[in-house]
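The chain contents come next:
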Amino acid sequence: MNSNVKGAVAEQAIVLAAMKAGIPVLRPVAEHGRTDLALEMGGDLFRVQVKWGRLSPARDIVVVRIGTCRRTPRGYVRRTYSEHEVDLFAVYCGELDRCFLLPAHLLAHKTYVSLRLTAPRNGQRSCINLANDFAFDGAVAQLARARDWQSRGRGFESPQLHPNSRNAALTIGADSCRVSFGYWLDRVAAGEDAVVTRRGKPMIRLTAVAPASAPPSVKPAVPPVLPPVTATGST
């Protein structure tokens, strides 16, 4: 299939997935815009750009081309997307017949993104995108519940959608913290707390920095103004 056919197939697959989930779909009246569809979820409209995802030769990564390229009399023009143009990227992988939904902030100004179907064999946990974190049905369900999903999270699962998650801190071993420090920093920055243990005993606690509340302003005490004292006495 050429790129035009792949784009059309991907768009129809996303429409079908949205309809199965009970999500209203709107289409623009003109083609070749920065938005392919609009999905109505939780009372809000989300601008969606649809992309085709191809499976890697090892069948462990879905590779998605985000940037665009067109030929002009002055040569090729390459562009990327910004968060002001779209809200979501919907991806369809024909070889897997699976749909994914990703927040625009994760792909802004990027040309490619990789969604891992399996965990890396080297144990890396930071700076990767797991495909299951962006499964279409799960993302749609969360967006329908809460418009302001956690923009800092790697996927749609976030403490903001699960307010009770802060009541219990994560417990991680010192070795795991040292090897995957970047991964745990991402988790903590997204709003989770973590207690680092060594030989089963707590060592340190990792928590996100919260803006300190400004202390109430205290006005300096002003001594009372006393009436002038008039000296009296007999002469």
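Conventions we followed
- Residues numbered from 1 in each chain as written.
- Predicted model: local features only at pLDDT ≥ 70, side-chain atom pairs only at ≥ 80, totals over all residues.
- Heavy atoms only, no water.
- Core = buried A, V, L, I, M, F, W, Y, C linked by side-chain atoms within 4.5 Å.
- Buried < 20%, exposed > 50% of the residue type's maximum accessible area, 1.4 Å probe, protein only.
- Helix = DSSP H or I, 4+ residues; strand = E, 2+ residues; numbered from the N terminus.
- Contact = heavy atoms within 4.5 Å.
- Pairing = 2+ DSSP bridges.

(A) Region of the structure containing the nonpolar core. If you look at the biggest cluster of nonpolar residues, it comprises 22 residues, and the most contacted ones within it are I14, M41, L101 and F136. For this core, the secondary-structure elements that each account for two or more residues are α1 (3-20), β2 (37-41), β3 (44-55), β7 (88-93), β8 (98-103) and α3 (136-145). No other element matches the six residues that α1 contributes to this core. Ignoring any residue separated from it by four or fewer positions in sequence, one finds F136 in contact with I14, A17, A18, L39, C99, F100 and L101. Judged by nonpolar contacts, the second largest core, of 18 residues, contains L55, F100, L106 and L107.

(B) Structural context of the pairing of β3. Examined bridge by bridge, β2 and β3 share five bridges and lie antiparallel to one another. Directly across from A38, in β3, lies its bridge partner R47. Adjacent in sequence and paired antiparallel, β2 and β3 are bridged by two residues, among which G42 carries a positive phi angle near 60 degrees. Relative to β7, β3 is paired through six bridges, and the arrangement is parallel. By the bridge assignment, G53 is partnered in β7 with C93. Hairpin connection from β3 to strand β4 (residues 61-65): five residues lie between these consecutive antiparallel strands, with R59 at a positive phi of about 60 degrees.

(C) Representation of unusual backbone geometry. With a phi angle near 60 degrees, R59 is a residue other than glycine that sits in the positive phi range. Along the chain, R59 turns up in the loop between β3 and β4. Here D97, not a glycine, exhibits a phi torsion of approximately 55 degrees, which is positive. The residue D97 is located in the loop between β7 and β8 in this model.

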